[in-house]
Amino acid sequence: MHYWLMKSEPNEVSIDDVLATPARTVPWFGVRNYQARNFMRDVMQVGDGVLFYHSSCAEPGIVGLAEVASTPYPDATQFDAGGKYFDAKATPEQPRWVCVDVRAISKTRPLALSALRALPELGDMALLKRGNRLSITPVTGRQWQAILARLTPALGAPQNSP
């Protein structure tokens, strides 16, 4: 099993949006970085744990737990000529970008980026490295456990964990 931190802007897809869907599942679309794509395409497996992270907001941080819910498949947004994720070089026969489905497990109390930076056991976490802007980064088992120890489910949220 692997663990991941996956960033989403809450005005595009929030943890609340995912929890409100009937299956609590959404496609993780719009990834346009080759390294992040390769994580989805080559490494992610159904059942892998996900830290759901809100970025580009007033208080960036971890807001929920999720799991990878599908194998990779072509990201349909690459073919939408009017969309912000369009890629003119991608074709249905030779797609360049993939996505996976992500299933929300529970909303947690927010764990802000500043709080993550304050934890010595996360000093080597990819998210916290200078210049890292990847939307998907691996999380070690040790980092996963350190973060889980500091998260508590939000009131009324399902309390399973991946």
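Residues numbered from 1 in each chain as written. Predicted model: local features only at pLDDT ≥ 70, side-chain atom pairs only at ≥ 80, totals over all residues. Heavy atoms only, no water.

**Points about the overall build of the chain**
Step number 1: Each helix and strand counted, the chain has four helices and eight strands in total.
Step number 2: Reading the chain from its N end, one meets helices and strands in the order β-α-β-α-β-β-β-β-β-α-β-α.
Step number 3: The C-alpha atoms of the chain give 15 Å as radius of gyration, which agrees with the globular expectation for 162 residues (15 Å, within 12%).
Step number 4: Oriented by its inertia axes, the alpha-carbon framework of the chain measures out at about 45 × 35 × 30 Å.
Step number 5: Of the contacts formed within the chain by residues at least 6 apart in sequence, a portion of 74% connects residues at least 24 apart.
Step number 6: Here the chain displays about 8,200 Å² of accessible surface, and carbon together with sulfur accounts for 53% of that area.
Step number 7: The chain carries 17 positive and 15 negative side-chain charges, and their two centres are separated by 7 Å. (Helix = DSSP H or I, 4+ residues; strand = E, 2+ residues; numbered from the N terminus. Rg over C-alpha atoms; globule rule 2.2 N^0.38 Å. Contact = heavy atoms within 4.5 Å. Areas by Shrake-Rupley, 256 points an atom, 1.4 Å probe, with all protein chains shown as cover. Lys, Arg positive; Asp, Glu negative; His and termini not counted. Charge placed at Lys NZ, Arg CZ, Asp CG, Glu CD.)

**Some points on the sheet that holds strand β2 (residues 25-27)**
Step number 1: The sheet built from six strands is open, its strands ordered β2-β7-β4-β3-β1-β8 with mixed pairing. Looking at the sheet topology across the chains shown, the edges are occupied by β2 and β8 (136-139). Strand after strand, the sheet turns through a mean of 35° between neighbouring axes, direction not considered.
Step number 2: Judged from the six bridges that link them, strand β3 (residues 49-54) and strand β4 (residues 61-68) form a sheet pairing that is antiparallel. Bridge pairing in β4 places L51 opposite L65.
Step number 3: In this fold helix α2 (residues 34-43) packs onto β1 (3-8) and β8, with an angle of close to 55° to the strand it touches most, β8. (Pairing = 2+ DSSP bridges. Axes fitted to C-alpha atoms, helices over the stretch in contact; angles between N-to-C directions.)

**A few points about unusual backbone geometry**
Step number 1: At R24, a residue that is not glycine, the phi angle is positive and equals roughly 55°.
Step number 2: Considering the arrangement of structural elements, one finds R24 in the loop between α1 (15-20) and β2.
Step number 3: Despite not being glycine, S56 shows a phi value in the positive range, around 50°.

**Focus on the confidence of the model for the chain**
Step number 1: Of the residues in the chain, 93% have a pLDDT of 70 or more, and the chain-wide mean is 92.
Step number 2: In the predicted structure, residues 155-159 sits below a pLDDT of 50 and forms seven contacts with residues beyond four places in sequence or in another chain. (pLDDT = per-residue confidence, 0-100.)

**Overview of the pairing of β4**
Step number 1: Most of β4 is tucked away: eight of the eight residues are buried.
Step number 2: Between the antiparallel neighbours β3 and β4 lie six residues, among them S56 with a positive phi of about 50°.
Step number 3: Direction of pairing for β4 relative to strand β7 (residues 101-112): antiparallel, over a ladder of seven bridges. Looking at β7, one finds that E67 is bridged to R103. (Buried < 20%, exposed > 50% of the residue type's maximum accessible area, 1.4 Å probe, protein only.)

**Some thoughts on helix α4 (residues 141-148)**
Step number 1: Restricting attention to buried positions, one finds in α4 the residues Q143, W144, A146 and I147. What you see down the axis of α4 is that its buried residues fit within an arc of 165°, all on one side.
Step number 2: Residues of α4 that are buried make contact with β1, β3, β4, β7, α3 (113-117) and β8. (Arc of directions from axis to C-beta.)

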